[in-house]
Amino acid sequence: MKLLIAVIQDKDSNRLSNALIKEGFRATKLASTGGFLRAGNTTFLIGIEDDRVQAALDVIRSNCKVRDQLVTPVSPVSGAADSYIPFPVEVQVGGAAVFVLPVERFEHF
């Protein structure tokens, strides 16, 4: 058995949730916040059998797309904020960061 931890952008959350249900995967959704952009994310916890890992990864890959977005960097916390002039920067957002972990034991009560 494996535990998939998938961190995705909020914009992809509903689409992924619906696709996982359609394919027979059960998942727990958690609200989370990214450290770099301080933007909302959704973290999915998916417990599945070893032979279904690739199918779950395929569902995640097809529903969580990388896209470009203009963001304004957060001002520095240290004393140099006087001379700080924020310029929008184009960065890639979205997609998914997926961790696949072995599960030693699973119990359901």
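It should be noted that the structure appears before, not after, this text.
Predicted, not measured: the structure shown is a model, and the values here were computed from it.

Rules used in this analysis
Residues numbered from 1 in each chain as written. Predicted model: local features only at pLDDT ≥ 70, side-chain atom pairs only at ≥ 80, totals over all residues. Heavy atoms only, no water. Axes fitted to C-alpha atoms, helices over the stretch in contact; angles between N-to-C directions. Helix = DSSP H or I, 4+ residues; strand = E, 2+ residues; numbered from the N terminus. Parallel < 35°, antiparallel > 145°, perpendicular 65-115°, else oblique. Left-handed = near helix turned anticlockwise from the far one by under 90°. Contact = heavy atoms within 4.5 Å. Nonpolar A, V, L, I, M, F, W, Y, C, P; charged D, E, K, R; others polar. Salt bridge = Lys/Arg side-chain N within 4 Å of Asp/Glu carboxyl O. Buried < 20%, exposed > 50% of the residue type's maximum accessible area, 1.4 Å probe, protein only. Pairing = 2+ DSSP bridges.

Our focus in this paragraph is the packing of helix α1 (residues 13-22) against helix α2 (residues 53-63). Look at α1 against α2: their axes get within 9 Å of each other, and the N-to-C directions meet at 150°. Put simply, α1 runs roughly antiparallel to α2. Crossing angle aside, the handedness with which α1 passes α2 is right-handed. Residues Arg15, Leu16, Ala19 and Leu20 of α1 pack against Val59, Ile60 and Asn63 of α2. Broken down by class, the residue content of the contact of α1 with α2 amounts to five nonpolar, one polar and one charged.

The final tally for this structure, using the stated rule, is four salt bridges. Note that Lys2 and Asp50 form a salt bridge whose closest N and O atoms lie 3.9 Å from each other. You can see Lys2 sitting in strand β1 (residues 2-9) and its partner Asp50 sitting in the loop between β3 (40-48) and α2, a full 48 residues away along the chain. Among the residues examined, Asp50 registers a relative accessible area of 43% and is labelled partly exposed. The closest approach of N and O atoms between Arg61 and Asp58, which form a salt bridge, is 3.1 Å. With a gap of three residues between them, Arg61 and Asp58 both fall in helix α2, about one helical turn apart.

Attention now goes to the pairing of β3. Two faces belong to every sheet, and in a regular strand the side chains alternate between them. Where β1 meets β3, eight bridges bridge the pair, whose relative direction is antiparallel. Across the sheet, Ile8 pairs through a bridge with Thr42, a residue of β3. Relative to β3, strand β2 (residues 28-33) is paired through six bridges, and the arrangement is antiparallel. Across the sheet, the residue bridging to Thr28 is Leu45, located in β3.

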